[in-house]
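Now for the letters of each chain:
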Amino acid sequence: GSAPIVMQRNPMFSTINADDITKFKEILGEKNVVQDEEVLLAANTDWMQKYKGSSNLLLQPRTTEEVSQILKYCNSRCLAVVPQGGNTGLVGGSVPVFDEVIINMGSMKNIISFDKVSGILVCEAGCILENLVSFLDNQGFVMPLDLGAKGSCQIGGNVSTNAGGLRFVRYGSLHGNVLGLEAVLANGTVLDMLGTLRKDNTGYDLKHLFIGSEGSLGIISKVSILTPPKLSSVNLAFLACKDYVSCQNLLLEAKRKLGNILSAFEFLDSHSMDLVLNHLEGVRNPLPPSMHNFYVLIETTGSDQSYDKEKLEAFLLRYMEVGLISDGVLAQDINQAFSFWRIREGVPEALMKAGAVYKYDLSLPIEKMYDLVEEMRMRLGPAAKVVGYGHLGDGNLHLNISLPEYDDTVLGQVEPFVYEWTSKHRGSISAEHGLGLMKANKIHYSKSTESVHLMVSIKKLLDPNGILNPYKVLPSSLTS
Ligand code: FAD
Ligand code: 2HG
Ligand code: ZN
């Protein structure tokens, strides 16, 4: 059912007292124990301004040893904590629900090593994704993931959410690219899994438990990641399609014809485009005004400048002739490419500016994916704007419902319908954003009872007092 769950603070958790503050200052030094109201207000509020906690304390560790000491102390006192990276998460996972201590990883931002032969980067969890991108660029390498939040999100947050993003279609999941981790358990134990090997079959691969665990099993303090070399030729096309079937068929052809140089295949519907044009400054549609229903971005990345470009041009020409593509343009330089990406990456920001938003991040069979958007539009009528966009190449739909203000009546028409629909088609109710607070009690739509119970057992083994990111990820009925 979808009855709203009235969340209660778990009374097992202690509240902060003066001795705790003294202890934290001993561990971290005065200035890394933050009680400033303005800083706390921002850290209590998520990116969408939808979830708000009421923590009075933010800690900023600078080393793994400090993270370990903080957690050991919090565990002994039964003080709940929320690990926080760049706070760009979209499911309410990165902010406190009540008065949990915020452990902000932003001060752990050192690059530890980079091996130019293997492309393996080892760094601290608080490194901002864009800073890693710039660092690697100078070395002639790229990050295997890219997302609209790159300017603020941290690699530790990316790994903790198993973020997907815009290059997933080419480089795959962080479960493949992350070679090693260092994580601190609830009791302060430091787990050194910071391997830099491509192959290592010695027992259970524990790092995978932490990838995508959203801060519920430990705090990731260091990451080792395999980075691909930067290739010299990147091309980007911005296309229009008349209907969803054309987008889908175009994807099949792109996989077949562009093959190993395909590096992104993204789509947005005209409703998403309208939002971007109406709410973001300086953004314009690169295609002449017309009644296009869908837009597709195709990026190729390869090593042969003229060949790659010709290949994409020939592809566009061919599928324009047969009508799969209604109109299209190739970016002529890096600035134009940036402006095309701005349209696609700007959709979440435009939605935020437009008012209240209900977000659904779904994996669905590609041929069924847009049916849901249309059904939802019919269901809600003019009460709300229903937009669909996302990582078509990965079968990942971002269904967003935008309205002037949050409205429980509308929400009641959306949920549980959207989850039931997804479950019926054997989809996932969280393709890439995680469960966080928003979907902790919805996990059963995508996972069997037996799987959820095993997850709860693992959680209890690693964090017996449940201090790590409580109320998130797993159903509250099973964890408290
Ligand atoms: P936070 O938001 O701070 O935290 C996210 C979760 O991870 C929380 O549960 C938190 O407790 C936990 N956490 C953070 N750091 C640590 C750590 N060091 N150890 C343990 N737990 C930790 N997501 C995608 O997958 N693909 C996208 O394309 C994408 N695009 C986005 C675009 C925009 C504009 C925005 C705002 C968000 C987007 N996201 C996307 C969602 C979000 O950016 C990602 O989930 C990102 O990986 C979160 O990183 P962060 O550092 O901000 O983590
Ligand atoms: C994206 O792909 C992000 O732009 C955000 O994952 C999706 O806002 C959303 O629903
Ligand atoms: Zn996404």
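Residues numbered from 1 in each chain as written. Chains lettered and ligands numbered in written order. Predicted model: local features only at pLDDT ≥ 70, side-chain atom pairs only at ≥ 80, totals over all residues. Heavy atoms only, no water.

Student: Can you help me understand the site of ligand 2 in this one?
Tutor: By nearness alone, every residue bordering ligand 2 is listed as Leu90, Arg344, Pro348, Lys359, Tyr389, His391, His398, Asn400, Glu432 and His433. Between ligand 2 and the protein, one listed contact pairs an oxygen atom with a side-chain N or O atom of Tyr389 at 2.7 Å. His398 places a polar side-chain atom, nitrogen or oxygen, 3.0 Å from an oxygen atom of ligand 2. Here ligand 2 loses 88% of its free accessible area of 300 Å² to cover by the protein chains. Looking at the shell around ligand 2, the elements with two or more residues in it are strand S15 (385–391) and strand S16 (396–403). (Near = heavy atom within 4 Å. Polar contact = N/O pair within 3.5 Å; in protein donor to acceptor, adjacent residues only side chain to side chain. Areas by Shrake-Rupley, 256 points an atom, 1.4 Å probe, with all protein chains shown as cover. Helix = DSSP H or I, 4+ residues; strand = E, 2+ residues; numbered from the N terminus.)

Student: Mind showing me how you'd approach the side chain of Asn285 here?
Tutor: Of note, Asn285 is situated in the loop between helix H10 (270–279) and strand S12 (294–302). According to the relative accessible area criterion, Asn285 is buried, its value standing at 16%. At 2.9 Å, the side chain of Asn285 and the backbone nitrogen of Leu287 are in polar contact. At 3.1 Å, the side chain of Asn285 and the side chain of Tyr295 are in polar contact. Setting aside residues no more than four positions away along its own chain, Asn285 makes contact with Phe238, Met273, Leu277 and Tyr295. (Buried < 20%, exposed > 50% of the residue type's maximum accessible area, 1.4 Å probe, protein only. Contact = heavy atoms within 4.5 Å.)

Student: Looking at this structure, I do not really get the environment of Gly355. What am I missing?
Tutor: On the secondary structure map, Gly355 appears in the loop between helix H13 (347–354) and strand S14 (356–363). Considering only alpha carbons, one finds Gly355 and Leu403, 48 residues apart in sequence, at a separation of 6.0 Å. Ignoring any residue separated from it by four or fewer positions in sequence, one finds Gly355 in contact with Leu403 and Pro404.

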